[in-house]
Amino acid sequence: MPMLADPSIKYQPYTPLQLPDRQWPSKVNRAPPIWLSTDLRDGNQALANPMTIAQKMVFFETLLKCGFKEIEVAYPAASDTDFKFVRMLIEEKRIPDDVWIQVLTPAREDLIKRTVDAVAGCKRAIIHMYNATSCLFRTVVFRNSQEETLKLAVKHAEIVRKLTDQCTAKHGTVFRYEYSPETFSQTEPEFAIQVCEAVKAAWGKAGLGDERIIFNLPATVEIGPPNHYADLIEHFCQNISEREKIIISLHPHNDRGTGIAAAELGILAGADRVEGCLFGNGERTGNVDLVNLALNLYTQGVHPKVDFSDIQAVIDVVTACNDLPVHPRHPYAGELVFTAFSGSHQDAIKKGFEAQRVRHEQAEREGQPKYWDMPYLPIDPADLGCTYEAVIRVNAQSGKGGIAYLVQQHLGLDMPRKMQISFYQVVQDIADREAREMTVEDITTAFRKTYHFGGSAYEGRLVLKSFKISSEPAANGEAVDERRQFDGTISVDGSLRVIRGDGNGPLSAFLDALRTHLDINLTLREYTEHTIDKHQNAQAASFVELVPQSEDIKDTRRSAESWWGVGLDADIAASGLRAVLSAANNAIGDRTLPELKLSVGFSSLSGQADIATAILYSLKLELPRRLQASFFEVVQRAARGSGGEISYDALVILFRETYGYYEEAEARFAVKNFKLEHLDASGRAKLSGNFILNGKDVALEGEGNGPLSAAVEAVNRGLDGKVSIREYVEHSIGEGSEVKAASYVEIAYESPGGNPKWTTWGVAIDHDITASGLKAVLAATRAVEKADEAARAAAAAAGQQ
């Protein structure tokens, strides 16, 4: 049967109440009502599988934890389960002294007696009696007149009084009385007042405070808009006598989907109390949702006097006991209520968090409240024990702002706007291809793979291993601090390469090195940075955009092709370099990079960095820049006789012989044993021990500011000239238990008579870093010994003449 073209022939509208001086529309609620949870009674009777006693006990304990002081626990006359549950609460002393339990009974004397028996012995109890008063129920269901309906209510109110008085005398239980004119919102307003006046008189004990009688005015079935319900409540409050001796209670149902609005307007109209269920369980469309009502107040700065700080724990109990889910879109409680998929919403939320962080910092400095003011989020999820994990979720409809927010929250990286656009396309391509929601893990993994960020698992073809940035005077007279040299080691497709370059700063020097050695011709178009963690563990995050280099700077700036990169390091220079390499990895794709050349003749294009790369690849030694230059001269001289060509093997042999670098088994410079003593508080040390010096056993002893200076002093004792340390560099080789220290020492020698100094290098490795340094010093002295002998001989010859 289709919907009627004219529904007025079937359905009658509600009859508005003429209330020309209504006051509720201009009122504002700034205090919570009394809350009554009827989950264990009204909610339970609506379940396909009513709760067991064990489930009801868990639910009851949860309500206590939330802070409810009035709980309707059962309809004891309806079943043995309900009766036994009430007795268990009392006999096991489960009810706190400040909590009122409420039980429901119809207007029948035998059922009232069993209900009173159920609560006998508890400290505080509310007997809740009801009978239907509307015309529809009077004429159709019970076939009673108004007079008969009124007499029924009065008669049984008197019975309740008599039985409760007896129970109080015998057990000391304190009682309150609640009467519900069931179907109140469908009852003639004047008749509802008439019945309640008669019930109040029959009860005869209405007083102030805890002695007030409760009139519960239910919208048993919603038959009109919430403003009509508010009019009915205000009319009742204005016309009932002895208003100060009455608690007006609301019991809205949700047939029209306006139960929340009806309750809120009913409170404005004068009500003191609300009955309902957690998350709106109940007959048909349910009772009013007490969680929703309470948190609506909370978002207006009014504490509801019930606590949902761990709302998920409450949800878990309610869903388990009711065997009903909470809808994903349920206010405050649904799993999607704090979630934005829309791109524009995500962007607004991201900007909202950024602005609020600044605003809260200022408020803290000024001692002002940190107000929550966030687009699309009326409440802070953290107040309910929720995280911001699901505030922004990503699908094919999401925008760059939401994706940027998730990267910021989970990786700590605040991407520049243009980079947001670039990465947004990456995520959208994945979302479109897989046709599903993107999880946080999906997004962060995509980010790490795209920008080679976050450890060895995501490394690209180019990996920064080590580097040194130094200043150098410019050939054209620029100030020293305006030129920088990059000297570093990178892994290229798994092979270590030493590269060097020059520029106006670390990044331009690094780009020059990539251009010179690997034919990666890129230039910087955008660079931004920010700090992650402002405390001692702070790291710098750098973001770069690289574009193909063009002779025309305007073409470079306008380039439609670009690559973004990100770097993270405690050192800001290293962070920028890693960002450059991140972008360069994306730029090179899978194209072939130039191989290392070892032709070192004067006409060759190879430089000292190529030679250093060969040593790094063969011996794992990262030569200092000055040693690179020194060895490059040695190599060029050695290669003259072979047309400027030198093989890998010959290059390694030349290095070993030049710097005394041999494996431990064939070492010509070694530390057999040594002892280092600290002489005094000045920090000076005394070194003594047995060493192998150029293949000979020698005993050395000397003093200095440390082991190396002490070793130099010991060497000087056997020389006519004098040696001093000009440069010392060290690094580790290997990992874990196999790690060794590599030491590089440059020695300056001044012959007797003050002749000009010359320098030489020593290189050594050892598991012990001190021994490694000592061996390098000894290796550097091999040429010094010969030079000193020559100087001594020359001096002797001159003396004979």
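Residues numbered from 1 in each chain as written. Predicted model: local features only at pLDDT ≥ 70, side-chain atom pairs only at ≥ 80, totals over all residues. Heavy atoms only, no water.

Please provide a residue-by-residue account of the overall build of the chain, values included.
From N to C terminus, the chain includes 23 helices and 20 strands. Classification of the 801 residues of the chain by burial places 50% in the buried group. Contacts in the chain between residues far apart in sequence, at least 24 positions, make up 64% of those at least 6 positions apart. Surface summary for the chain: the accessible area is close to 37,600 Å², and the carbon and sulfur share equals 50%. (Helix = DSSP H or I, 4+ residues; strand = E, 2+ residues; numbered from the N terminus. Buried < 20%, exposed > 50% of the residue type's maximum accessible area, 1.4 Å probe, protein only. Contact = heavy atoms within 4.5 Å. Areas by Shrake-Rupley, 256 points an atom, 1.4 Å probe, with all protein chains shown as cover.)

Summarise empty space enclosed by the protein; cite the residues concerned and give the values.
The full count for this structure, using the stated rule, is 2 cavities of 30 Å³ or more. Taken as a whole, the second largest cavity holds about 70 Å³ of empty space. Lining the second largest cavity are S185, A219, E222, I223, G224, P225, H228, Y229, L232, P252, H253 and A262. If one sorts the elements of the lining of the second largest cavity by residue count, helix α8 (residues 226–239) sits on top with 3 residues. (1 Å grid on protein atoms, 1.4 Å probe; cavity = no way out; pocket = protein on both sides within 12 Å on 5 of 7 lines; lining within 4 Å. Points joined across faces, edges and corners; volume = space filled by probe spheres on them.)

Go over the nonpolar core with me, naming the residues and quoting the values.
With 133 residues, the main nonpolar core has V73, L278 and F447 as its most contacted residues. Here this core takes 9 residues from helix α7 (residues 189–203), the largest share from any one element. Among the nonpolar cores identified, the runner-up in size contains 26 residues, and A509, V580, A584 and I588 belong to it. (Core = buried A, V, L, I, M, F, W, Y, C linked by side-chain atoms within 4.5 Å.)

Residues and numbers for the sheet that holds strand β18 (residues 722–733), please.
Adjacent strands of a sheet pair through backbone hydrogen bonds, lying either parallel or antiparallel. Within the open sheet, the 3 strands sit side by side as β18-β19-β20. Their pairing is antiparallel. In this open sheet, the two strands that pair with only one neighbour each are β18 and β20 (758–766). In this sheet, adjacent strand axes meet at a mean angle of 15 degrees when their direction is disregarded. Against the sheet, helix α20 (residues 625–639) engages β18, β19 (740–750) and β20, with an angle of about 115 degrees to β20. (Pairing = 2+ DSSP bridges. Axes fitted to C-alpha atoms, helices over the stretch in contact; angles between N-to-C directions.)

With reference to specific residues and values, describe the sheet that holds strand β8 (residues 273–276).
Taken together, the 8 strands give a closed barrel; going around it, the order is β1-β2-β3-β4-β5-β6-β7-β8, and neighbouring strands pair in parallel fashion. Between one strand and the next, the sheet's axes are offset by a mean angle of 25 degrees, whatever the strand orientation. Of the strand pairs in this sheet, strand β1 (residues 34–37) and strand β2 (residues 70–74) are connected by 2 bridges, and their pairing is parallel. Within β2, the position partnered with L36 by the bridge is E70. Packing against the sheet, α8 makes contact with β6 (213–219) and β7 (246–252), and its axis sits at approximately 165 degrees to β7.

Break down the layout of surface pockets for me, with residues and values.
Here the largest pocket is characterised by a volume of approximately 640 Å³. Along the walls of the largest pocket sit 21 residues, with P13, Y14, T15, Q186 and I223 positioned nearest its centre. Elements that contribute at least two residues to the lining of the largest pocket include exactly α5 (135–141) and α8. Within the lining of the largest pocket, the residues separate by chemical class into 10 nonpolar, 7 polar and 4 charged. Each pocket or cavity is described by its volume, and for the second largest pocket that value is around 510 Å³. If you trace the second largest pocket, you find 30 residues lining it, with F279, G280, N281, T285 and H330 closest to the centre. Considering every element that reaches the lining of the second largest pocket, the biggest residue donor is helix α9 (residues 259–268), with 3 residues. (Nonpolar A, V, L, I, M, F, W, Y, C, P; charged D, E, K, R; others polar.)

With reference to specific residues and values, describe helix α2 (residues 53–66).
Taking 1.5 Å per residue as the helical rise, α2 with its 14 residues ought to reach 20 Å, and the 20 Å between its terminal C-alpha atoms agrees with that figure. Along α2, the residues that are buried comprise K56, M57, F59, F60, T62, L63, L64 and C66. Among the structural elements, β1, α1 (39–45), β2, α3 (80–91) and α11 (311–322) are those in contact with the buried residues of α2. Two residues or fewer past α2, G67 is found with a positive phi of approximately 105 degrees. (Expected span 1.5 Å × (residues − 1).)

Residues and numbers for the packing of aromatic side chains, please.
Enumeration according to the criterion identifies 15 aromatic pairs in this entry. Ring geometry for F215 and F236: centres 6.2 Å apart, planes at 80 degrees, overall edge-to-face. Of this pair, F215 sits in strand β6 while F236 sits in helix α8, and the two are 21 residues apart along the sequence. Classification of F236 as buried rests on a relative accessible area of 1%. Seen from their ring centres, F631 and F655 are 5.2 Å apart, and the 85 degrees between their planes marks the pair as edge-to-face. On the criterion of sequence distance, the pair formed by F631 in helix α20 and F655 in helix α21 (residues 648–659) is long-range, its members being 24 residues apart. The pair formed by F631 and F655 is uniform in burial state, with each residue classed as buried. Here the aromatic residues F423, F447, Y451 and F453 are joined through ring pairs into a cluster of three or more. The ring of F83 carries R114 above its face, with NZ or CZ at 3.9 Å from the centroid. (Phe/Tyr/Trp six-rings, centres within 6.5 Å; stacked < 30°, edge-to-face > 60°. Lys NZ or Arg CZ within 6 Å of the ring centre and 35° of its normal.)

Just give me the short version of unusual backbone geometry, but keep the residues and values in it.
The phi dihedral of F279 is positive, around 65 degrees, even though this residue is not glycine. Within the element layout of this structure, F279 appears in the loop between β8 and α10 (290–298). Backbone geometry places H452, a non-glycine residue, at a positive phi of 50 degrees. Within the element layout of this structure, H452 appears in the loop between α15 (440–451) and β9 (462–471). By relative accessible area, H452 is classed as partly exposed at 26%.

Which residues make up the pairing of strand β4 (residues 124–132), and what values go with them?
With 7 of 9 residues buried, β4 lies mostly within the body of the structure. Examined bridge by bridge, strand β3 (residues 100–106) and β4 share 6 bridges and lie parallel to one another. Each residue of the ladder has a partner; that of T105, found in β4, is M129. Running through helix α4 (residues 109–119), the crossover from β3 to the neighbouring parallel element β4 is right-handed. (Right-handed = clockwise from strand over helix to strand, strands pointing away.)

Talk me through the pattern of salt bridges; I want residue IDs and the actual numbers.
Considering all chains together, one arrives at 39 salt bridges under this definition. Here R41 and E72 are joined by a salt bridge, their closest N and O atoms 3.0 Å apart. With a gap of 31 residues between them, R41 in helix α1 and E72 in strand β2 connect regions that are remote in the sequence. Comparing R41 with E72, the two get one shared label, buried. The salt bridge partner of K370 is E364, with a shortest N-O separation of 3.3 Å. Of the residues examined, K370 reaches a relative accessible area of 44% and is grouped as partly exposed. Each of E70, R176, E178, R273 and E275 takes part in one network of salt bridges that share partners. (Salt bridge = Lys/Arg side-chain N within 4 Å of Asp/Glu carboxyl O.)

Geometric descriptors of this kind do not, in isolation, establish any biological role.
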